[in-house]
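# Close look at the chain arrangement
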Amino acid sequence: MRLRAEVNGQPFEAEVDSTTSLLDVLRSAGLTGTKEGCRIGVCGVCTVLVGGLPVSSCLYLAPCVEGADIWTVEGMAEREPALVDAFVNREGMQCGICTPGQVMAAAAAARETLPASDGEIRRYLEGNLCRCTGYKSIVDAVRTYLGG
Amino acid sequence: MRLACAGARRRPMTASSLPAPPAGVVDASRVDARAKASGATLYTADLQPDGTLHAAVARSPLAHALIGAVSTQAAAAVPGVVAVLTAADLPAGLSGRRVRDTPLLATGKVRFTGERVAVVVATSAGAAEAGAAAVEVDYDELPAVLAAAAALAPDAPLIHEAPWRYDGAVVSEGDHPNLQSQVDEGDRSEVERALAGAAWVVDRTYRTPAGHQGYLEPQAWLAVPSGPGAVRLWATTKSPYRLREQIAQCLGMDAAAIEIEPVPLGGDFGGKGAVGEAPLCVTLALRIGRPVKMVLRSGEDIIATDGRHPSSIRVRVGCDAGGALVGLDVDGLFAGGAYAASKPIPSVNLHGVADAALGYRLPCFAIRSRIAYTNTMPKGHMRAPGAPQAVFAVERGIDELAAAAGIDPVELRRRNLLKSGEADAYGHRWPEARGVETLDAATGVVMTVPPPPGWLAARGVAAYARPTPAPGPTSLRLEREASGRLMVEVPIPETGTGSHTVVRQRLAGALGVPPASIEVRQGSTGTLGYDPGVGGSRVTVGMSTAVDQLAEAWVAAGGDGPVSVDTQPGDDQPALAYCVQVASVAVDPGTGQVKLLELVSAVDVADIVRPASHRLQIDGGALMGLGFALLEDLLEEDGQVWASNLGEFKLPTAADAPALRTVLVEGGTGVGPANVKSVGELTNVPVAAAVANAVAAATGCQLRQLPITAERVYWAMRDREAG
């Protein structure tokens, strides 16, 4: 079936099956900033925004985003340079494989709570695993971006 | 029930109150930060040249079985499938980092659940996986040997027929045929005599589970034919030069025909030194003549790569009436899994076990570390291999000895930690040993996070000493690009630690140029000499030493390149670095749930090349230690990995992380011109013992098995009440 949606503010079309994941649609279209992690909706590596809400694109079926407004890290980095700056300046990463998901979670957090406490940020980021950093620098980055 | 801090000097030297970095050190942002934060960084799984075929493997559902008929027709009929191959279709070479015992595909029999039996190549990853699922295999099940002790029993079923015949084997025909390797140090009879005369002795056995490194980027390979018999390979490897050699050995190729290309890693922690499916992908690409890519699914990676060894470690330790240790015996038994191929060091063992005797003054000691072949996932190296297990055992043993002797556990350690100029158990004299200083720094921190009302609370301490190695061989190249920028080529991938940024910073300092004027690029194995890869806590010390030589060569060449250096080990001596951690825990008396409220990590440091990277290694290590202490267990039972995905195999989340307090014990003497002590494999090690010691202090229950789950604590408390 033909999927029509908007990705990063641009019209987007792709041929998909009823069982194709949004993750595979995005990556097949060259948007490889969204990474594949656990593929069961636990690790958060594949987080994107659908209608402004963070979702695990590995579990989100492509037909469900028909007509939706989707944002990936590539588009968000252009739209919100302050978000990228916060992760760069607070060293909110090491290996970087979880970083696109953390960035998208931070972008989603900005819609919900401003400003947030560290505890709230930590709860918000619970769905985005990081094995490298111990999280403190990621929380710092998110707090910086949120204006805390 | 609280850890006594009486007499400890208060040294509130937190990281945030440290003086500014030394003059000339500019702590600029990471070289890779912006690309990573904007999704532009390409990892192996993101690469896909035109015409790429995808490979997936059919895996054994059984732990030990003879392979009968294999039917590939149904797989071959799946739309998009190009080839279905079994061991009979492929070269018979074996692969490994030291011991070469692993076939490309299971040959004759399968030795663990998850072993690759057939490989399917297709035009899409989905078609390859569908094909792999359609491969039909007749198995004749054999009795499986799942635990190390059972494997080394006299009449145990054999996992390999003649393991001593494998290239690189460290066992001989007289050994038990299920033995992978054994390290035996010290004098056990001397320890027996010492313990017989000791005032206090404990004899306990501690257990830790199988684990996984937990990197979030599953292992992946992309092999691209580049000429007759030649191939370029992008791989999730931390040791490109060694991988090239290992592929060449396995496939009988000339190593020069294999070029390992640069690509960053999405985490490593020891797991990405394995050979993995690299030889399989290379042989498929050469055979078919097209690029072949294989990306493991996360669940495959968890059940079938090279995780952490489960352990059973008996500790016997005694002290005299004054609390001086008289002897230590550590006897570790590890289930090594079906193949020994993932262990790189010459002993094919885990150096952390032998290192567990380093930190204390010991009149005598005995260390034995046996690894058995078992019908479980092959085990490899994970961040300070063997040390988290062995230090958990020894540091629990020290605490149990303190309890028996009626001596405060901090005081018992203070009396016995090695001092500068003293010799360790192996007779090596360390000019600097700052265990007591590090202990005092750790216990001197005022911990402030309160326990939830009604919970039991206490603190526990644990110590670890690790040598920072002398710099080994590596190679670097520097040139000026047409744009005028300097470009330094390094032989190691950026695994995440910040190594490339450390290189830039050190080079900028040595040349007196702004860091931003230097670009750091990973070279391919075709462009640089040799490097053993990332590991063994050697990157910062090795790279900074080589960078200094590179800068000298650059200046000698008149500031114009290109220049290359291939460094060899010099006369630098290793240095000893201590890490002492204090865990403040709360235990819910109703459920047994343990909450780590606060974790102090005191780290013995010399100079710090890049404080931001250094701190992240400390924090990330500490949280990995928390996972080992409280959460992570692959649940290897009945020949299956039950925690076979990240939903079941729990990694710590942002909300699990306690307040991480770091105290840097400054002023140490490190290694090499940069005067550094390694930090990457320190803070993940003592956490588990510190937590368990705190739980013991809070509840009176001696937890001797990891992870410390609510269930284990609950039943330990109930058993204790029942007497």
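Numbering of residues starts from 1 in every chain and runs along the sequence as written. To label them, take the chains in the order written and letter them from A, then take the ligands in the order written and number them from 1. Given that this is a predicted model, residues contribute local features only at a pLDDT of at least 70 and side-chain atom pairs are listed and counted only at 80 or more, while totals for whole chains, interfaces and linings are drawn from all residues. No hydrogens and no water enter the side-chain calculation; it runs on all heavy atoms of the structure.

### Considering the overall build of chain A
Heads up, the rule is: Strands are runs of DSSP state E lasting at least 2 residues, helices are runs of H or I lasting at least 4, and numbering of each runs from the N terminus. In this description the radius of gyration comes from C-alpha coordinates, and the expected globular size is given by 2.2 Å times residues to the power 0.38. In this scheme, a residue with accessible area under 20% of its type's maximum is buried, one over 50% is exposed, and one in between is partly exposed, where area comes from a 1.4 Å probe on protein chains only.
In terms of regular secondary structure, chain A is built from six helices and five strands. Computed over the C-alpha atoms, the radius of gyration of chain A is 15 Å, within 12% of the 15 Å expected from 2.2 N^0.38 for a compact globule of 148 residues. Each of the three principal axes of chain A carries a C-alpha extent, and together these read 45 × 25 × 20 Å. By the burial criterion, 60% of the 148 residues in chain A qualify as buried.

### Here we look at the environment of Ile 371 of chain B
Residue and element names in this part refer to chain B. This is how the line gets drawn: We call two residues in contact when some of their heavy atoms are within 4.5 Å.
Structurally, Ile 371 is set in strand 17 (residues 365-372). Classification of Ile 371 as buried rests on a relative accessible area of 0%. The spacing of Ile 371 and Leu 325 is 46 residues in sequence and 28 Å in space, taken between C-alpha atoms. Sequence-distant contacts of Ile 371, defined by excluding residues within four places in its chain, comprise Asn 178, Leu 179, Gln 180, Ser 181, His 309, Phe 334, Gly 336, Lys 343, Val 348, Asn 349 and Leu 350.

### Points about the confidence of the model for chain B
Caution applies to low-pLDDT parts of the model: their predicted coordinates are not meant to be read in detail. Residue and element names in this part refer to chain B. Which entries qualify depends on this criterion: The quantity known as pLDDT measures the predictor's confidence residue by residue, on a range of 0 to 100.
Mean pLDDT over chain B works out to 94, with 96% of the residues at or above the 70 mark. Every residue in residues 1-27 scores below 50 in pLDDT, and together they form 43 contacts with partners more than four places removed in sequence or on other chains. Reported confidences for the modelled complex are a pTM of 0.95 and an ipTM of 0.98.

### Topic: the sheet that holds strand 17 of chain B
All names here are of chain B. Heads up, the condition is: What makes two strands pair is DSSP finding at least two bridges between them. Throughout, an axis means a line fitted to C-alpha atoms (over the contacting stretch in the case of helices), and angles, computed between N-to-C directions, take values from 0 to 180 degrees.
Reading across from one edge, 9-17-16-15-10 is the order of the five strands in this open sheet, with mixed pairing throughout. Single-partner strands in this sheet number two, and they are strand 9 (179-186) and strand 10 (200-208). On average, each strand axis in the sheet is inclined to that of its neighbour by 5°, with strand direction left out of account. Both strand 16 (residues 325-335) and strand 17 contribute to a ladder of eight bridges, which runs parallel. If you follow Gly 332 over to strand 17, its bridge partner there is Ser 369. Across the face of the sheet, helix 10 (residues 387-405) comes into contact with strand 10, strand 15 (311-319) and strand 16 while running at roughly 145° to strand 10.

### Observations concerning the state of the cysteines
Residues and elements named next belong to chain A. Rule in force here: When the sulfur atoms of two cysteines come within 2.5 Å, that pair is taken as a disulfide.
Overall, the coordinates contain zero disulfides over all chains when judged by the stated rule. Its sulfur unpaired, Cys 46 is 3.8 Å from the next cysteine sulfur, which belongs to Cys 58. On the basis of relative accessible area, Cys 46 is assigned to the buried category, the value being 2%.

### A few points about the nonpolar core
Short version of the rule: By nonpolar core is meant a set of buried Ala, Val, Leu, Ile, Met, Phe, Trp, Tyr and Cys residues that side-chain atoms within 4.5 Å join together.
The biggest cluster of nonpolar side chains holds 144 residues, and the ones touching the most others in it are Phe 87 of chain A together with Leu 216, Val 585, Val 594, Val 691, Val 695 and Ile 708 of chain B. Ranked by residue count, the leading element in this core is helix 16 (residues 687-699) of chain B, at ten residues. If we skip the residues at most four places from it in the chain, Val 594 of chain B touches Val 585, Ala 586, Val 587, Leu 630, Val 691, Val 695, Ile 708 and Val 713 of chain B. Ala 235, Met 253, Cys 281 and Leu 296 of chain B belong to the second-largest nonpolar core, a separate cluster that totals 37 residues.

### Focus on the packing of aromatic side chains
Residue and element names in this part refer to chain B. How we decide: Stacked, tilted and edge-to-face pairs are distinguished by plane angle, under 30 degrees for stacked and over 60 for edge-to-face with tilted covering the rest, among Phe, Tyr and Trp rings (Trp via its six-membered ring) whose centres lie within 6.5 Å.
Inspection of the entire model under this criterion finds five aromatic pairs over all chains. Aromatic side chains Phe 112 and Tyr 339 sit 6.4 Å apart centroid to centroid with 80° between the ring planes, which places their arrangement in the edge-to-face category. Pair noted here: Phe 112 is in the loop between strand 6 (109-110) and strand 7 (116-122) and Tyr 339 is in the loop between strand 16 and helix 9 (351-355), with a separation of 227 residues, a long-range link. Note on Tyr 206 and Phe 392: the rings are 6.0 Å apart at their centroids and 80° apart in plane angle, and the pair reads as edge-to-face. Of the two residues, Tyr 206 sits in strand 10 while Phe 392 sits in helix 10, which places them 186 residues apart along the sequence. Like Tyr 206, the residue Phe 392 is buried in the burial classification.

### Some words on the pattern of salt bridges
Heads up, the rule is: The term salt bridge refers to a side-chain nitrogen of Lys or Arg lying within 4 Å of a carboxyl oxygen of Asp or Glu.
In total, this model carries 56 salt bridges over all chains according to the counting rule given. The partner of Glu 13 of chain A in a salt bridge is Arg 2 of chain A, and the shortest N-O contact between them spans 3.1 Å. Of this pair, Glu 13 of chain A sits in strand 2 (residues 10-15) while Arg 2 of chain A sits in strand 1 (residues 2-7); the two residues are eleven residues apart in sequence, bridging distant segments of the chain. Classification of Glu 13 of chain A as partly exposed rests on a relative accessible area of 44%. The salt bridge partner of Glu 91 of chain A is Arg 610 of chain B, with a shortest N-O separation of 2.7 Å. A residue pair is termed interchain when its members come from two chains, as with Glu 91 of chain A in the loop between helix 3 (81-89) and helix 4 (99-112) and Arg 610 of chain B in the loop between strand 24 (594-604) and helix 15 (611-631). As far as the burial class goes, Glu 91 of chain A and Arg 610 of chain B line up, both buried. The network of salt bridges with common partners includes Asp 24, Glu 36 and Arg 39 of chain A together with Glu 129 and Arg 297 of chain B.

### So, the interface of chain A and chain B
Our working rule: Here's the idea: put two parts together, see how much 1.4 Å probe accessible area each one loses, and the total over both is what we call buried area. Polar contact is the term for a pair of N or O atoms within 3.5 Å; when the atoms are in protein, one must be able to donate a hydrogen and the other to accept it, and sequence-neighboring residues count only if both atoms are side-chain atoms. Classification convention: Asp, Glu, Lys, Arg as charged; Ala, Val, Leu, Ile, Met, Phe, Trp, Tyr, Cys, Pro as nonpolar; all other residues, Gly among them, as polar.
Facing the 42 residues of chain A at the interface are 52 residues of chain B. Interface area, chain A with chain B, both sides summed: about 3600 Å², of which 59% is carbon and sulfur. Contact with chain B buries surface across chain A, with Glu 91, Gln 94 and Arg 131 of chain A losing the most and accounting together for 23% of the total. In this structure, Arg 27 of chain A and Asp 46 of chain B form a salt bridge, with 2.7 Å as the shortest nitrogen-oxygen distance. The interface formed by chain A and chain B contains 17 residue pairs in polar contact (both at pLDDT 80 or more). If you list the elements that add at least two residues to the side of chain A that touches chain B, you get helix 2 (73-79), helix 3, helix 4 and helix 6 (136-146) of chain A. Counting residues per element, the side of chain A that touches chain B draws most heavily on helix 3 of chain A, which supplies four residues. Taken together, the residues of the side of chain A that touches chain B break down into 21 nonpolar, nine polar and twelve charged.

### Overview of the sheet that holds strand 2 (residues 65-71) of chain B
Within a sheet, adjacent strands bond to each other through the backbone by hydrogen bonds, running parallel or antiparallel. Residues and elements named next belong to chain B. What the three strands build is an open sheet, ordered 6-2-8; its pairing is antiparallel. Edge positions in the sheet fall to strand 6 and strand 8 (136-141), since each of these pairs with one other strand and no more. Of the strand pairs in this sheet, strand 2 and strand 6 are connected by two bridges, and their pairing is antiparallel. Counted as the bridge partner of Leu 66 is Lys 109 from strand 6.

### A short note on empty space enclosed by the protein
Space left empty within the atom packing is revealed by a probe, the size of a water molecule, rolled over the atoms. Residues and elements named next belong to chain B. Put simply, the test is: Of the grid points, spaced at 1 Å and generated over the protein atoms alone, those admitting a 1.4 Å probe that cannot get out make up cavities, while open sets with protein on both sides within 12 Å along at least five of seven lines make up pockets; any residue with an atom within 4 Å of a point is treated as lining. Grid points are joined across faces, edges and corners, and a volume is the space filled by probe spheres set on the points.
Enumeration according to the criterion identifies seven cavities of 30 Å³ or more in this entry. If you trace the largest cavity, you find 26 residues lining it, with Thr 102, Arg 116, Gly 276, Ala 304 and Thr 305 closest to the centre. Of the residues assigned to the lining of the largest cavity, the class counts are 14 nonpolar, seven polar and five charged.

### Focus on the environment of Glu 161 of chain B
Residues and elements named next belong to chain B. Note on placement: Glu 161 falls in the loop between helix 4 (148-151) and strand 9. Taking relative accessible area as the criterion, Glu 161 reaches 57% and is therefore assigned exposed. For the pair Glu 161 and Pro 177, spaced 16 residues apart in sequence, the C-alpha to C-alpha distance is 7.4 Å.

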